Amino acid sequence: MLREVKFSISRIMKSPLSIVGIAIVVFFAAVAILAPVLAPPRPNKDPFIMPRPKWDWSFTPRPPSPSNPFGTIEGQYDLFYGCIWGTISAFRIGFMVIIPVLIIALILGSVAAYYGGIIDELMMRFTDIIFAFPTLVLAIALVSVLGPSLDNVMLALILVGWPGYARVIRGEILRVKQEDYVEAAKAVGCSDLRIIIRHILPNAIYSTVIMASLDIGAIVLSAAALSFLGLGAPAGYADWGQIIARARHWIYGNPADPFAFWHAFIIPGLFIFTFVLGWNLLGDAFRDILDPTLRRR
Amino acid sequence: MGLMSYVARRILLMIPTLIGVTLLIFAVTQMIDPVSRAMLYIKSEKELQHIDDIISRYGLNDPVYLQYGRWIQQILTGNLGWSVSTRLPVLKALSTRFPATFELVIFSIPPTILLGIYLGVKSAVHKDKAIDHVTRTVSIIGWSLPTFWLAIVLLSFCYGRYHLFPPSRLTEAAIQFIHTEQFISYTGLYTIDGLLNGQPWITLDAIQHLVLPVVTLTVVQIALIIRVMRSSMLETLHKGYIFTARAKGLANKQVINKHARRNALIPIITLSGMLAAGMLTGVIITETVFDFNGIGRFAATAATRLDTSAVLGFSLLAGVIFVVANLIVDIAYAYVDPRIRLG
């Protein structure tokens, strides 16, 4: 086990792309942790609401200046603050979606795989139905019914996200169940529960959990798309997708300078793109490393 | 078992899935209040005044299974309800916008698949060379780009700066022309209707408006094809018959194009199902940014205006399209790979 972990780490270190991925994710984690220092929130206010001057809510975004290092967006919200606290939003969305998804998938997937029969059949048919829809389409339908808000976006992504993982976990468990060491554990008289917890789960979920946590990039991308469509975070909330949605009126600049308001959409877009790229690079590296058939080639 | 009986069995298997799709949409309708649910049964604007009648006539407070029966009857007679945001029946609103989306997707699929295959093969054949690194980097960048951001940046740069490739489906002059009596709408696809009406300028105009949405969809979707094609090609290149082909002295080009690429193409067929899902999702964002009046933009606008019946109508349509797309994919797969239909 330890040797395998060491081998995985050495493989990661040998691939330049995965190092870039790790660096990006670590950078964003640092930004999120240091957010209160980089962009101090106002006392007694919700830190996720972007600050703006009390006397000036004018519509036109302003370019970067010493007081607003990234400039301001429509309504004079400070873009720097929004991008920094948007990093926390992104991590929060990622974790608050993937953790419930994994818990639901783990419970239902292992129940279906271990007990089989009617439970298994029902769950598989249900996942079939969920799979009959493109994910984002179903998420949009759910959010429009639940009412637009960031919480409902996360809820919708959880509801459409778990069946995929449940299936993978079920398949993994069915595979592991037939291994010799499970047979051996049965032969020496281990209880069912002990076999599931000590022998089957660790071998079945190791890769699934890692893969899932690396899907955070995709989840943040979906949430950003929903926010962009106006179904997620409200105006003024530190959320990258929402910030870009506010920039839509300004993409042509003004007659004198077509790129007059470039900062309002280029900067938050670079934040989303880099964040997702980091997780995807990491995920790509892990996919090659964890795949036993490609592992030692 | 022959191909025909496989197709028949596969079509039969589609029925429970389609019933499941309607059940799921119906389950979602149960989350909204009876007044919004009444919109699902309304056919014309007049009926809006009689919401209470509708609620009692369709028994929207009745037990769930009775409601499902009535709702499914409505769907089967082609009534998807009333769209508040467009003030049209949902089916009408969807059917007038469908050709726009169809045109967009039809123009996006060939570049995505052909370029994806080409780059995937190049990447595999020159594994770990410069071209492989460039292709992989480009594909992972495309994979990570937010669709809406790419669309905005393209629009800002091409249209904002250089006045090339404007948004929406046609320019003002062309829109006025197609609403005159001289223009007959045969297909709803402006590129084709323009030619059929002997007005090539309409076709050219429509193509100019299609460029950016097509580029956006292609860049975002192509990563998937490149990735699968590359790994499938790498696997095929290690097969015994490739060594045989090389051993008997065939030219490298022939080995790659005739022996390896053909066999490596099979996984791409399976992938087409995922591509269909990606396109259905992609058009929602792309059409919204480019102001392209198709069903994707319709669904996005309806969702923000709490026009639930319109969103559910779109979801139902998307579900059906996706199920049918997967059916076609499975049949194509069985056609090229006899192991599937015999297994």
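Worth saying up front: this structure is predicted, and the values here are computed from it rather than measured.

A short note on the overall build of chain B
Of the regular secondary structure elements, chain B holds 16 helices and two strands. When its C-alpha atoms are laid out on the principal axes, chain B stretches across 80 × 55 × 40 Å. Every one of the 343 residues in chain B was classed for burial, and the buried ones make up 41%. Residue pairs in contact within chain B that sit at least 24 positions apart in sequence constitute 72% of those at least 6 positions apart.

Points about the overall build of chain A
Assigned secondary structure in chain A consists of eleven helices and zero strands. When the helices and strands of chain A are placed in sequence order, the string is α-α-α-α-α-α-α-α-α-α-α. For chain A, the spread of C-alpha atoms along the principal axes amounts to about 80 × 45 × 40 Å. Across the 297 residues in chain A, those meeting the buried criterion constitute 44%. Within chain A, counting contacts between residues at least 6 apart in sequence, those at least 24 apart form 69% of the total.

Side note on the interface of chain A and chain B
Residue-level contacts link 39 residues of chain A with 41 residues of chain B. Every element with two or more residues in the side of chain A that touches chain B is listed here: α4 (117-131), α5 (135-146), α9 (216-228) and α11 (262-290) of chain A. Along the lines of polarity and charge, the residues of the side of chain A that touches chain B split into 29 nonpolar, six polar and four charged.

Some words on the confidence of the model for chain B
Residue and element names in this part refer to chain B. Residues with a pLDDT of 70 or more make up 99% of chain B, whose mean pLDDT is 87. Per-residue pLDDT, averaged within each element of chain B, yields its smallest value for helix α16 (residues 338-342) (68) and its largest for helix α5 (residues 90-125) (93). On the interface metric, ipTM, the complex scores 0.88, and its pTM is 0.89.

Comments concerning the packing of helix α3 (residues 79-115) of chain A against helix α6 (residues 150-177) of chain A
Residues and elements named next belong to chain A. In contact at an axis separation of 6 Å, α3 and α6 are set at 40° when each is read in the N-to-C sense. Accordingly, the angle class assigned to the pair α3 and α6 is oblique. With respect to the hand of their crossing, α3 and α6 are arranged in right-handed fashion. The residue makeup of the contact of α3 with α6, split by class, is 22 nonpolar, three polar and one charged.

Concerning unusual backbone geometry
Notably, Gln76 of chain A is not glycine yet its phi reads approximately 65°, a positive angle. Position of Gln76 of chain A among the secondary structure elements: in the loop between α2 (16-38) and α3. In this structure Gln76 of chain A comes out as partly exposed when scored by C-beta crowding, with 19 C-beta atoms within 10 Å. If you check the backbone angles, Asp128 of chain B has positive phi at about 65° while not being a glycine.

Describing the packing of helix α10 (residues 200-237) of chain B against helix α12 (residues 252-264) of chain B
For any two helices packed against each other, the geometry comes down to the angle between their axes and how far apart the axes lie. Residues and elements named next belong to chain B. Where α10 contacts α12, the axes come no closer than 8 Å and their chain directions differ by 130°. When the axis of α10 is compared with that of α12, the two are oblique. Here the hand of the crossing between α10 and α12 comes out right-handed. Here Met229, Ser232, Met233, Thr236 and Leu237 of α10 lie close against α12, whose contacting residues are Ala260, Arg261, Asn263 and Ala264. Its residues placed into classes, the contact of α10 with α12 shows five nonpolar, three polar and one charged.

Some points on the environment of Ile202 of chain B
Mapped onto the secondary structure, Ile202 of chain B falls in helix α10. Once residues within four sequence positions are removed from consideration, Ile202 of chain B is found in contact with Ala174, Phe177, Ile178, Tyr190 and Gly194 of chain B.

A short note on the nonpolar core
The biggest cluster of nonpolar side chains holds 176 residues, and the ones touching the most others in it are Ala139, Ile140, Leu157, Val220 and Ile244 of chain A together with Ala299 of chain B. For this core, the element with the most residues is α3 of chain A, which contributes 16 residues. Residue contributions to this core reach at least three from each of two domains, namely domain 1 (3-83) and domain 2 (88-342) of chain B. Beyond its immediate chain neighbours, meaning those up to four positions away, Ile244 of chain A contacts Phe228, Phe265, Pro268 and Gly269 of chain A together with Phe148, Trp149 and Ile152 of chain B.

What to know about the domain arrangement of chain B
Residues and elements named next belong to chain B. Looking at chain B, the domain boundaries give domain 1 (3-83) and domain 2 (88-342). Summarising the inter-unit geometry, the C-alpha centres of domain 1 and domain 2 are found 31 Å apart. With 23 residues of domain 1 at the interface, the matching set in domain 2 holds 23 residues. Element by element, the count of residues in the side of domain 1 that touches domain 2 is highest for helix α1 (residues 3-29), at twelve residues. Looking at the side of domain 1 that touches domain 2 residue by residue, the classes come out as 14 nonpolar, seven polar and two charged.

Looking at helix α14 (residues 295-304) of chain B
Among the ten residues in α14 of chain B, eight count as buried, and that is most of the element. For α14 of chain B, the complete set of buried residues consists of Ile295, Gly296, Arg297, Phe298, Ala299, Ala300, Ala302 and Ala303 of chain B. Looking at the packing, one finds that the buried side of α14 of chain B touches α5 of chain A together with β1 (82-83), α5, α13 (266-289) and α15 (308-336) of chain B. Trailing α14 of chain B by a residue or two, Leu306 of chain B shows a phi angle of about 55°, which is positive.

A short note on the environment of Ser56 of chain B
Residue position: Ser56 of chain B is located in helix α3 (residues 51-57). The sequence separation of Ser56 of chain B and Tyr333 of chain B amounts to 277 residues, and the corresponding C-alpha distance is 49 Å.

Section: α5 of chain A
All names here are of chain A. Helix length check: α5 (twelve residues) gives 16 Å between terminal C-alpha atoms against 16 Å at 1.5 Å per residue, within 8%. Here α5 has its buried residues at Leu136, Val137, Leu138, Ala139, Ile140, Ala141, Leu142, Val143, Ser144 and Val145. Looking one or two places after α5, you find Gly147, whose phi comes out positive at around 105°.

Some remarks on the environment of Cys158 of chain B
Residue position: Cys158 of chain B is located in helix α7 (residues 147-162). As for Cys158 of chain B and Met279 of chain B, which are separated by 121 residues in sequence, their C-alpha atoms are 23 Å apart.

Parameters and conventions
All residue numbers refer to positions counted from 1 along the written sequence of the respective chain. As a convention, the first chain written is A and the first ligand written is 1, with the rest following in written order. Residues qualify for local features only when their pLDDT is at least 70, as the model is predicted, and side-chain atom pairs are given and counted only at 80 or more; totals for whole chains, interfaces and linings, by contrast, use all residues. Helical segments are the DSSP runs of H or I of at least four residues, strand segments are the runs of E of at least two, and each set is numbered from the N terminus. Between the buried cut of 20 or more and the exposed cut of 12 or fewer other C-beta atoms within 10 Å of a residue's own C-beta lies the partly exposed class, and all C-beta atoms are placed from the backbone. Two residues qualify as being in contact provided that their C-beta atoms, derived from the backbone, are within 7 Å of each other. Under the scheme applied, nonpolar residues are Ala, Val, Leu, Ile, Met, Phe, Trp, Tyr, Cys and Pro; charged residues are Asp, Glu, Lys and Arg; polar residues are all the others, including Gly. The predictor attaches a confidence to each residue, and that confidence, scored 0 to 100, is pLDDT. Whenever a helix is involved, its axis is fitted only over the stretch in contact; in every case the axis is a line through C-alpha atoms, and angles between N-to-C directions fall within 0 to 180 degrees. Throughout, the term roughly parallel applies to angles under 35 degrees, roughly antiparallel to angles over 145, roughly perpendicular to angles from 65 to 115, and oblique to all others. Throughout, a crossing is termed right-handed when the near helix is turned clockwise from the far one, and left-handed when it is turned anticlockwise from it by less than a right angle. Defined on buried residues, the nonpolar core groups Ala, Val, Leu, Ile, Met, Phe, Trp, Tyr and Cys residues joined through C-beta atoms within 7 Å. Bear in mind that the domain bounds are from an automatic or database domain assignment. Expected helix span is computed as 1.5 Å times (number of residues minus one).

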